[in-house]
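What follows is the residue order along each chain.
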Amino acid sequence: MTIRNAHPKTVLKLGAALLLAGALTLSGCAKKAPAELPPPPAPTTAVETPAPATVSGPTPGSQADFVASMMGQDTIYFDTDRYNIDNADAAALTAQAQWLMKYPGKKATIEGHADERGTREYNLALGERRATAAKNYLVSLGLDAGRLTTVSYGKERPVALGSDEASWAKNRRAVTVTID
């Protein structure tokens with residue numbers, strides 16, 4: 001006889017028996033309370049440990065320190081199609097030179113940039129002239145030329161994406177980046 005052919009009362013009795021057997025099986029697995037609880041944790045005495053010394057601000061001599069110290073003077077700006085160092089650029093480069101002289105083991109790369117106008121080749125050459133002009137000025141202030149390298153990105157790395165004079169003016173620049 002199969003369950004399909006069984007009388008409905010027989011099926012109900014069989015189901016009840018299976019349910020009872022399952023409940024008994026599960027009740028045997030229940031966790032029992034321990035006979036004796038463990039003792040409570042012992043009170044601790046607060047021992048004050050000195051807080052680690054924290055250095056506020058960037059690590060001295062790092063790129064972050066250079067940027068923080070320069071307060072925007074890590075970048076100099078140029079007029080259209082120009083690479084000459086004006087008075088504002090000279091002041092920024094002087095501040096850069098003073099910082100670099102404090103850390104004689106530091107090297108720096110000067111990145112030359114151009115705005116989007118002009119061919120790629122023209123802007124790469126203009127960026128190189130801008131970076132070289134900044135490097136030469138730093139060398140004239142007493143920095144060793146061997147500590148400075150130049151690279152031109154031309155118009156490939158703009159900081160302002162607009163096609164207007166304000167955006168172009170921000171992109172005509174030379175940026176000094178220290179090398180850790």
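So, here's what we can say about the structure.

Cut-offs and rules
Residues numbered from 1 in each chain as written. Predicted model: local features only at pLDDT ≥ 70, side-chain atom pairs only at ≥ 80, totals over all residues. Heavy atoms only, no water. Phe/Tyr/Trp six-rings, centres within 6.5 Å; stacked < 30°, edge-to-face > 60°. Helix = DSSP H or I, 4+ residues; strand = E, 2+ residues; numbered from the N terminus. Buried < 20%, exposed > 50% of the residue type's maximum accessible area, 1.4 Å probe, protein only. Pairing = 2+ DSSP bridges. Axes fitted to C-alpha atoms, helices over the stretch in contact; angles between N-to-C directions.

Considerations on the packing of aromatic side chains
Line of reasoning, step 1. Here the structure, examined in full by the defined rule, presents 2 aromatic pairs.
Line of reasoning, step 2. A ring pair is formed by Phe 66 and Trp 99, whose centres lie 4.9 Å apart and whose planes are at 65°; its orientation type is edge-to-face. Taken together, the residues Phe 66 in helix H2 (residues 63-70) and Trp 99 in helix H3 (residues 87-102) connect sequence positions 33 residues apart.
Line of reasoning, step 3. Ring plane angle 45° and centroid distance 4.6 Å describe the contact between Trp 99 and Tyr 103, whose orientation is recorded as tilted.
Line of reasoning, step 4. The class of Tyr 103 is partly exposed, set by a relative accessible area of 22%.
Line of reasoning, step 5. One aromatic cluster is present, formed by Phe 66, Trp 99 and Tyr 103 through successive ring pairs.

Considering unusual backbone geometry
Line of reasoning, step 1. Here Met 71, not a glycine, exhibits a phi torsion of approximately 45°, which is positive.
Line of reasoning, step 2. Position of Met 71 among the secondary structure elements: in the loop between H2 and strand S1 (75-77).
Line of reasoning, step 3. Despite not being glycine, Asp 81 shows a phi value in the positive range, around 60°.
Line of reasoning, step 4. Mapped onto the elements of the fold, Asp 81 is located in the loop between S1 and H3.

Re the sheet that holds strand S2 (residues 107-113)
Line of reasoning, step 1. As summarised here, the arrangement of the 4 strands in space is S1-S4-S2-S3, forming an open sheet in which the pairing is mixed. Two strands in the sheet have a free side with no partner beyond their single neighbour: S1 and strand S3 (148-154). Taken over all neighbouring pairs, the strand axes of this sheet differ in orientation by 20° on average, direction set aside.
Line of reasoning, step 2. Bridge count between S1 and strand S4 (residues 173-179): 3 bridges; the pairing is antiparallel. Looking across to S4, one finds that Ile 76 is bridged to Ala 174.

Treat this as a map of the structure, not an account of what it does.
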